[in-house]
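# Close look at the chain arrangement
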Amino acid sequence: METESEPYVRLATLRQLHQVVADLNTARSLADTLQAVADGIVAGLNYELACVNLVRPDGDLVVAAFAGSPAAEALITGRVGSRASWDRRLSMGESWGDLRFIPHTEGWVLIEDDVPQWHTEGPAPRFEDEWHPHDRLYAPMYASGSGHELLGVISVDRPRNGRHPGPWGREALQMYASQSGIAISNARLRSNMQRALVRLEREQQALRASEESFRQAFEYAPSGMAIAEMGGDQHGRLLRTNDALCRLLGRPASVMRRYSFADLVHPEDIGTLLRTSAEGGRAELRLGRRDGTYVWVSLRNSVVADTADGPRFLLTHVEDIEERKRHELQLAHRASHDALTGLPNSAELRSRLSARLCERPFAGSAAPADAYEPPYEYDYDHGHGHGFGFTPVGAAAGAYDGHVHSVAPTGGEVDDGTKGLAVLFCDLDGFKSINDRFGHHTGDAVLIEVARRLTTGVRDGDTVARLGGDEFVVLADGLGSADAADLAVRLRNAIIPPIRVDGRAVRVGASFGIGWAECGMTVEEVLNSADQRMYIEKRSRSKMHRRAG
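Residues numbered from 1 in each chain as written. Predicted model: local features only at pLDDT ≥ 70, side-chain atom pairs only at ≥ 80, totals over all residues. Heavy atoms only, no water.

### Some thoughts on the overall build of the chain
Each helix and strand in the chain was counted, giving 18 helices and 18 strands. Total accessible area on the chain is roughly 28800 Å²; 52% of this is exposed by carbon and sulfur atoms. (Helix = DSSP H or I, 4+ residues; strand = E, 2+ residues; numbered from the N terminus. Areas by Shrake-Rupley, 256 points an atom, 1.4 Å probe, with all protein chains shown as cover.)

What follows is the structure, encoded as structure tokens:
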């Protein structure tokens, strides 16, 4: 029994209080701490029953720990009381500092509320400060330094001396509740830290697994992969390359780290590389191999971002598209070249010719060559059956700034020193009879050989094209009138020698008409001019000179 005049009783209580507070701080988990709070009330503060009600995240209070009665513990542990009911209790009765005492004379109104509670029976008090079974004493626990935030409430019952606690007992209970609040806050902090550490470890494990997955995907990818620096003095330098890229370029990884893609790209493709954006950029270009050759690749970029410093690395996927490019070039070649002879076809000829022409006649140039009226009428489109669509070059005058105008010699047969783009229209003499007598196989062989002889007889920059049938056109730039006439003679003499096909010698002749490409003319006008001159030349030569077979 507490007696204020007995100092040794206070000292013993203080020692017990010190011990139970020490026990609070040795608990390893939040649950252990809550149970230690309840046990400390019974062991150190001389109450037979103690209950710890903990505030949940939703504000209601749950019975988290109980001490002193296994039966009562089984009855109410885990049950929840609403925050409104608890606020009502903590505002009733008598205020003993932070404690709240509700005598049995007032507590009867709380019997039907939703706060979990137990009931003990006993006789009515015989004296004023005797404890009644329906008395209630609550010790709120507050978080330290948080603006009086309620953590929970300790409920105590049945003091062992059977009396209401005196000033010393109340002070001890209030001190214990304060220390319990600190211990619960620390336990929560430790619990949160442990959860954070577990979560961090899991994230690190996931990160390590992700990095390993990336490493394997990077290293063993069937197509090339590279990581390059972004920004700084070493911008674009390759930091890491996978085995597929090293094999593709024939360079070991240690050597690749000396380069950037700008060092490896084909000179003609450097502009394409520089125009490729870092984020999501795509480009098709050629990269140099160790043996000096180049391979067509498709580059796809993505940025590997650092959350602290922003984008730092460039991840580039390098796909070998050599076969596709070769196929595309083959298709483009087939579309622009004759399948039999391999020469540029009519469409390619017209494209090359139109690239040299514009709509503005050059000042002081001669009249267009097609102004010459032949002594006969001939339907060019119908008779020769070219059938290729052509769109003349046409644009505003400003579009030709910097354009080198094509001009034509004006001296006719006399060379006046003017150099222009000569258009030599060639038609084979006697080819139809070869086709009729020996069949198309022999005719095709003759056309192939004629194409070879024409190509051999011109310069590297000149164009030899097949319009169709037995018609060919030669474009030769930088020639004067005499040069063009000499070229026509040389090419005719190259065609005349016999051509052997399957052990048989056949012979064809050739008629040439010389026209000139001049700005202010259309492609059709240029070709018609050369075609008409070819027919004039063909009609003027005797049949003896054109005989073949």
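### Description of the nonpolar core
Counting 35 residues, the largest nonpolar core has Ile41, Leu45, Leu137, Ile154, Leu173 and Tyr176 as the members making the most contacts within it. Contributing elements (two or more residues each) for this core: α1 (7-24), α2 (30-44), β1 (47-55), β2 (61-67), β5 (99-102), β6 (136-142), β7 (150-159) and α6 (167-219). With residues near it in sequence (within four places) discarded, Leu45 still touches Leu17, Gly40, Ala172, Leu173 and Tyr176. Formed by 31 residues, the second largest nonpolar core is a distinct cluster that contains Ala408, Leu454, Phe472 and Ile495. (Core = buried A, V, L, I, M, F, W, Y, C linked by side-chain atoms within 4.5 Å. Buried < 20%, exposed > 50% of the residue type's maximum accessible area, 1.4 Å probe, protein only. Contact = heavy atoms within 4.5 Å.)

### Details of the sheet that holds strand β13 (residues 420-429)
Pairing in this open sheet of four strands is antiparallel, and the strands run β14-β15-β13-β18 from one edge to the other. On the outer flanks of this sheet lie β14 (463-468) and β18 (509-517), each paired with one strand and no other. Ignoring strand direction, the axes of neighbouring strands in this sheet form an average angle of 25 degrees. Examined bridge by bridge, β14 and strand β15 (residues 471-479) share five bridges and lie antiparallel to one another. By the bridge assignment, Thr463 is partnered in β15 with Leu475. This element, helix α17 (residues 523-540), spans β13 and β18 of the sheet and lies at about 145 degrees to β18. (Pairing = 2+ DSSP bridges. Axes fitted to C-alpha atoms, helices over the stretch in contact; angles between N-to-C directions.)

### A closer look at the packing of aromatic side chains
The description of an aromatic ring pair rests on the distance of the ring centres and on the angle between the ring planes. A full pass over the atoms with the stated rule returns four aromatic pairs. Relative to Tyr138, the ring of Trp86 lies with its centre 5.3 Å away and its plane at 75 degrees, an arrangement referred to as edge-to-face. Residue Trp86 is found in helix α4 (residues 83-89), and its partner Tyr138 is found in strand β6; the two are separated by 52 residues along the sequence. On the numbers, 4.7 Å between centres and 10 degrees between planes, the contact of Trp96 with Phe101 is stacked. Three or more aromatic residues joined by ring pairs form one cluster here, namely Trp96, Phe101 and Trp131. Lying across the ring of Tyr259, Arg251 places its NZ or CZ 5.2 Å from the centre. Above the ring of Trp296, the side-chain terminus of Lys325 is found at 4.5 Å from the ring centroid. (Phe/Tyr/Trp six-rings, centres within 6.5 Å; stacked < 30°, edge-to-face > 60°. Lys NZ or Arg CZ within 6 Å of the ring centre and 35° of its normal.)

### What about helix α11 (residues 322-336)?
With 15 residues, α11 should reach 21 Å at 1.5 Å per residue; the first-to-last C-alpha distance of 21 Å fits that figure. Regarding α11, the residues found buried are Glu322, Lys325 and Ser336. Down the axis of α11, the sector holding all buried residues measures 65 degrees, keeping them to one side. Of the residues in α11, the exposed ones pointing more than 90 degrees away from the buried face are Glu323, Arg334 and Ala335. (Expected span 1.5 Å × (residues − 1). Arc of directions from axis to C-beta.)

### Let's talk about a nonpolar patch on the surface
The grouping of Trp108, Val109 and Ile111 at the surface amounts to a nonpolar patch, some 280 Å² of accessible area in total. Relative to the assigned elements, Val109 resides in the loop between α5 (104-107) and β6. (Patch = residues over 30% accessible without salt bridge, like charges linked within 9 Å, V, L, I, M, F, W, Y side chains within 5 Å. Salt bridge = Lys/Arg side-chain N within 4 Å of Asp/Glu carboxyl O.)

### With respect to the side chain of Ser69
Along the chain, Ser69 turns up in the loop between β2 and α3 (70-76). Among the residues examined, Ser69 registers a relative accessible area of 19% and is labelled buried. A polar contact of 3.2 Å, which involves the side chain of Ser69, links it to the backbone nitrogen of Ala72. (Polar contact = N/O pair within 3.5 Å; in protein donor to acceptor, adjacent residues only side chain to side chain.)

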